Amino acid sequence: MEKGELDRYLREYTEMEKEVLDGASDTYIQEKIRARFTSAGLGRYLFESRQFLAPGEKIGICRGDRFITTFPHKHDYIELCYVWSGVCHQEIEGKQVVTRQGDVCIFDTMAVHSIEAGGENDILVNILMRPEFFDTAFLSRMTRGGIVSQFLVEAVTKSRKKQHYLYFPDHGNVRVRQIVERILEEYYTADLGMEEVLESYVIILFTELLRAFRDDSRKKGDVSREVQILELLAYIEENYETCTLSEMGKAFGLHGNYLTALLKEKTGRSFVEHVQEQRLKKAKSLLENTDIPVAELIPMCGYNNMNFFYRKFRESEGCTPAQYRRKYRAP
């Protein structure tokens, strides 16, 4: 499915939209919609994954109906709403939010929101994810790469727990648009290996959104400290094999005690803990993906004391490096 075909497909009328255009009353349409969903009390409804996702399906796509007001509801799945074109007026947890083409909102299972009826050009695409995919397999994969991505994931996760949704303005991000297009094309083409490809694309999409979150953090709040944290983490991630607190202090023109206190305040971990974490991630990656003898990979991860490495590894994983390798490389 090519780009032009995709846009035309998304603009085709759904059965519900056809009924509205044929003159069905608003009362009839709303009653028909309510009959599909379970009441959650207080005039709210629960949208359930079984109505949109096939058994065992982790990710699905649902294009929102235009011309119809969607009453207050929440989901038993994670929903990523992307404004394909036009504008979307929503009330999210009592707050009026206007999202425009390219904007993204992510709702967890506690978020209550309603959507005003859209016009002909107002196309809203919903990417649905089962909570177990988003909260475990997905977020754990996002944090494997390094402490910068882990910090960003933890930041947005805390934000999500506080208000149950995340809002990512577009800021002209062409990359996000391209990734969403690939996701939709893959889903509607439904070719061999679609599920695996969709999972990979969703991770790429969220990575791009995290980058936007990082860049946006530089414009809000305590700007100097937020930017500084990201730069400190990036420095550790790039130099974890050999860096010391005094060297990092010289690189940033700051006292070592201040640096480690700042890291502890903002991330919950000290400089030493971050370095150890990154070194152990490298060790685990080598154990999982190579046959390099343990004695040889230890210095590759920044350790010069074998006993110290073994102790830290066991504290982290509850087993020896050899046992870890057998577990994750078993045929």
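Preceding this section is the structure that the text describes.
Presented here is an overview of the structure given in this document. (Residues numbered from 1 in each chain as written. Predicted model: local features only at pLDDT ≥ 70, side-chain atom pairs only at ≥ 80, totals over all residues. Heavy atoms only, no water.)

## Some remarks on the sheet that holds strand E6 (residues 87–92)
Counted only if it meets this: When DSSP locates at least two bridges between a pair of strands, those strands are taken to pair. Strands here mean DSSP runs of E at least two residues long; helices mean DSSP runs of H or I at least four residues long; both are numbered from the N terminus. For helices, the fitted axis covers only the stretch in contact; all axes are lines through C-alpha atoms, and the angles between them, taken along N-to-C directions, range from 0 to 180 degrees.
One open sheet accounts for six strands, arranged E1-E2-E4-E9-E6-E7; its pairing is mixed. Each edge of the open sheet carries a strand with a single partner, namely strand E1 (38–41) and strand E7 (95–100). On average, adjacent strands in this sheet sit at an angle of 40° to one another, irrespective of strand direction. Alignment of strand E4 (residues 70–75) against strand E9 (residues 113–115), held across two bridges, turns out to be antiparallel.

## Concerning helix H11 (residues 271–289)
Going by this rule: Take the number of residues in a helix, subtract one, and multiply by 1.5 Å to get its expected span. Each residue is placed in one exposure class: buried if its accessible area under a 1.4 Å probe, protein chains only, is under 20% of its type's maximum, exposed if it is over 50%, and partly exposed if it falls in between.
A rise of 1.5 Å per residue sets the reference length of H11, with its 19 residues, at 27 Å; its end C-alpha atoms lie 27 Å apart and thus fit the reference within 8%. Listed in full, the buried residues belonging to H11 are Phe 271, His 274, Val 275, Gln 276, Glu 277, Gln 278, Arg 279, Leu 280, Lys 281, Ala 283, Leu 286 and Leu 287.

## Side note on the environment of Asn 289
Operational definition: Whenever two N or O atoms come within 3.5 Å, that pair is a polar contact, provided that in protein one can donate a hydrogen and the other can accept it, and provided that, for residues adjacent in sequence, both atoms are side-chain atoms.
Its place among the elements puts Asn 289 in helix H11. Of the residues examined, Asn 289 reaches a relative accessible area of 55% and is grouped as exposed. Separated by 36 residues in the primary sequence, Asn 289 and Arg 325 place their C-alpha atoms 8.9 Å from one another. Looking at Asn 289, its side chain comes within polar contact range of the main-chain oxygen of Ser 285, at 2.9 Å.

## Here we look at the packing of aromatic side chains
The relation between two aromatic rings is expressed through the spacing of the ring centres and the mutual angle of the planes. Rules: In this analysis, rings of Phe, Tyr and Trp, with Trp reduced to its six-membered ring, are considered paired at centre separations within 6.5 Å, and the interplanar angle assigns stacked below 30 degrees, edge-to-face beyond 60, and tilted for intermediate values.
All told, the structure shown has 18 aromatic pairs when counted by the stated rule. With 4.7 Å between their ring centres and 55° between their planes, Tyr 45 and Phe 71 make a pair best called tilted. Taken together, the residues span a long stretch of sequence, with Tyr 45 in strand E2 (residues 44–47) and Phe 71 in strand E4 at a distance of 26 residues. A relative accessible area of 15% means that Tyr 45 is categorised as buried. Here Phe 313 and Tyr 324 contribute two aromatic rings whose centre-to-centre distance is 5.5 Å and whose plane-to-plane angle is 90°, an arrangement assigned as edge-to-face. With a gap of 11 residues between them, Phe 313 in helix H13 (residues 306–317) and Tyr 324 in helix H14 (residues 321–328) connect regions that are remote in the sequence.

Limitation: the analysis is restricted to geometry and does not speak to function.
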